[in-house]
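Residue strings, one per chain:
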Amino acid sequence: PQECEGDEDEDGDDDAPGDNCAAAMACSACGDGCAWCAADLICAAADNIPTKSDLWDQGHTAVTCDVDDYVTTCPPRDDPVPDPYYEAQWYLGAIRAPEAWAAGYTGTGVQILINDEGVDNTHPDLAKLDVANSCDVYKPSGGDAHGTVCASLAAGDSNSHCGVGAAPNAGLASCVLFSSSGGPVASQAYGEDYLAWASDANDISSNSWGIDHCWRTAYSADCPFACPAANEYCPCATCAADEWASRDLSASCEQAVVTYCADFFEDDVTPCLELDHYFVQCGYGQLSTAAHDKLV
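Calculation criteria
- Residues numbered from 1 in each chain as written.
- Predicted model: local features only at pLDDT ≥ 70, side-chain atom pairs only at ≥ 80, totals over all residues.
- Heavy atoms only, no water.
- Salt bridge = Lys/Arg side-chain N within 4 Å of Asp/Glu carboxyl O.
- Helix = DSSP H or I, 4+ residues; strand = E, 2+ residues; numbered from the N terminus.
- Buried < 20%, exposed > 50% of the residue type's maximum accessible area, 1.4 Å probe, protein only.
- Phe/Tyr/Trp six-rings, centres within 6.5 Å; stacked < 30°, edge-to-face > 60°.
- Contact = heavy atoms within 4.5 Å.
- Disulfide = S-S within 2.5 Å.
- Lys, Arg positive; Asp, Glu negative; His and termini not counted.
- Pairing = 2+ DSSP bridges.
- Polar contact = N/O pair within 3.5 Å; in protein donor to acceptor, adjacent residues only side chain to side chain.
- pLDDT = per-residue confidence, 0-100.

Draft legend 1. Summary view of the pattern of salt bridges. Enumeration over the complete set of coordinates arrives at four salt bridges. Lys 52 serves as the salt-bridge partner of Asp 66, at 3.6 Å between the closest nitrogen and oxygen. Residue Asp 66 is located in the loop between helix H1 (52-57) and helix H2 (90-94), and its partner Lys 52 is located in helix H1; the two are separated by 14 residues in the primary sequence. One salt bridge in this structure joins Arg 96 and Glu 99, with 2.9 Å as the shortest N-O distance. In this structure Arg 96 comes out as exposed when scored by relative accessible area, which is 53%.

This is the structure we're talking about:
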């Protein structure tokens, strides 16, 4: 989550009005000397409001704000939580989180174990981290931030400080499984202990780092087809041995695969489905787009 502190420069001095406008993501944080455009969540210096062209040049990919759309006085709001950056958290409304909170589902009594790059519990929204039921390494190293982001999205506190998580009253614990900065990882990361670490206290094991299916999948180094009917259309007879391992099938090999899987699918269901699955899952694989289109 963002620090959401007062306007100070790197030397710790108060900045002049308008100096830190661009850092604000909510009207309530868009302070003196700034102007706010709600449509694109942009805070800009009131005496230097950007045009659409300026915003495009600054790297914004979706721009709807015209110069006349900026305001210097925030309209009244009726947010369900006091956190100033709730205004920018449109996704909470999209998943109907306020309705769940109103019904009493705030995460109370539930603790989430974040298995990731670590959780920065020096941030006020994450200060509730249960160190006792975290792994032996739970803090992020260097610029590692993914675990902190995951924790804030799941259970950032509602405390009038910054933003809020989907389950603001849930507890948090942390295990460092990897570090983009090359920092230390928890001893539990070397096995599978982290998945259910301190399960008597941690109710949910969150693993939001994902698995790169394409990277982890070992493509067959040999022809994957059994060709039980031993017919002349078997791709193993057409394709060279190194084509499978290289993931680069020649045009004649691809055609043999397409013909075989189209006409003799029931003979070799698994490899035919796997070739299609790898293509769909990864966007590439042993089949080209043209060959895959013929297959499906």
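Draft legend 2. View of the packing of aromatic side chains. Tallied over the full model, the rule gives six aromatic pairs. Pairing Phe 225 with Tyr 260 gives two aromatic rings, centres 5.3 Å apart and planes at 75 degrees, and the pair type is edge-to-face. Here Tyr 260 lies in helix H8 (residues 251-263) and Phe 225 lies in the loop between helix H5 (213-216) and helix H6 (235-238), a separation of 35 residues in the sequence. Chaining the aromatic ring pairs together yields one cluster made of Phe 225, Tyr 233, Tyr 260 and Phe 264.

Draft legend 3. Expanded view of unusual backbone geometry. A positive phi is found at Leu 41, a non-glycine position, where the angle reads about 55 degrees. The topology assignment puts Leu 41 in the loop between strand E1 (34-37) and strand E2 (42-45). Although it is not a glycine, Ala 198 adopts a positive phi angle of roughly 50 degrees. Structurally, Ala 198 can be placed in the loop between strand E4 (171-176) and strand E5 (204-206).

Draft legend 4. Representation of helix H4 (residues 146-155) within the structure. The set of residues buried in H4 consists of Gly 147, Thr 148, Cys 150, Ala 151, Ser 152 and Ala 155. The elements touched by buried residues of H4 are strand E3 (111-116) and E4.

Draft legend 5. Region of the structure containing the state of the cysteines. On inspection of all chains with the given rule, the structure shows nine disulfides. Across the disulfide from Cys 30 sits Cys 43; the S-S distance is 2.0 Å. Between Cys 30 and Cys 43, the S-S torsion sits near 85 degrees, and that sign places the bridge as right-handed. Here the residue Cys 30 occupies a position in the segment before E1, and Cys 43 occupies one in strand E2, the gap between them amounting to 13 residues. Judged by its relative accessible area of 10%, Cys 30 is buried.

Draft legend 6. Region of interest: the side chain of Asp 83. Its location among the elements puts Asp 83 in the loop between H1 and H2. For the buried Asp 83, no salt bridge exists, and the shortest N-O distance to an oppositely charged side chain is 10.0 Å, to Lys 128. In this view, Asp 83 contacts Asp 157, Ser 158, Asn 159, Ser 160, His 161, Cys 162, Gly 163 and Val 164; residues no more than four positions away in its chain are not counted.

Draft legend 7. Quick look at the pairing of E1. Both faces of E1 are covered, namely the face carrying Cys 34 and Trp 36 and the face carrying Ala 35 and Cys 37. Pairing geometry for E1 and E2, over four bridges, is antiparallel. Following the sheet pairing, Trp 36 is matched in E2 by Cys 43. A loop of four residues connects E1 with E2, the two strands running antiparallel in sequence, and Leu 41 in this loop sits at a positive phi of about 55 degrees.

Draft legend 8. Seen up close, the environment of Asp 54. Of note, Asp 54 is situated in helix H1. Asp 54 sits in the partly exposed class, given a relative accessible area of 32%. From its side chain, Asp 54 meets the backbone nitrogen of Thr 51 in a polar contact 2.9 Å long.

Draft legend 9. How the structure looks around the confidence of the model for the protein. A residue-level look at the protein finds 81% of positions with pLDDT of 70 or above and a mean pLDDT of 84. Taken element by element, the protein is modelled with least confidence in H5, mean pLDDT 50, and with most confidence in E4, mean pLDDT 98. Contacts for the low-pLDDT stretch residues 5-12, under 50 throughout, to residues beyond four places or in other chains number 10 contacts.

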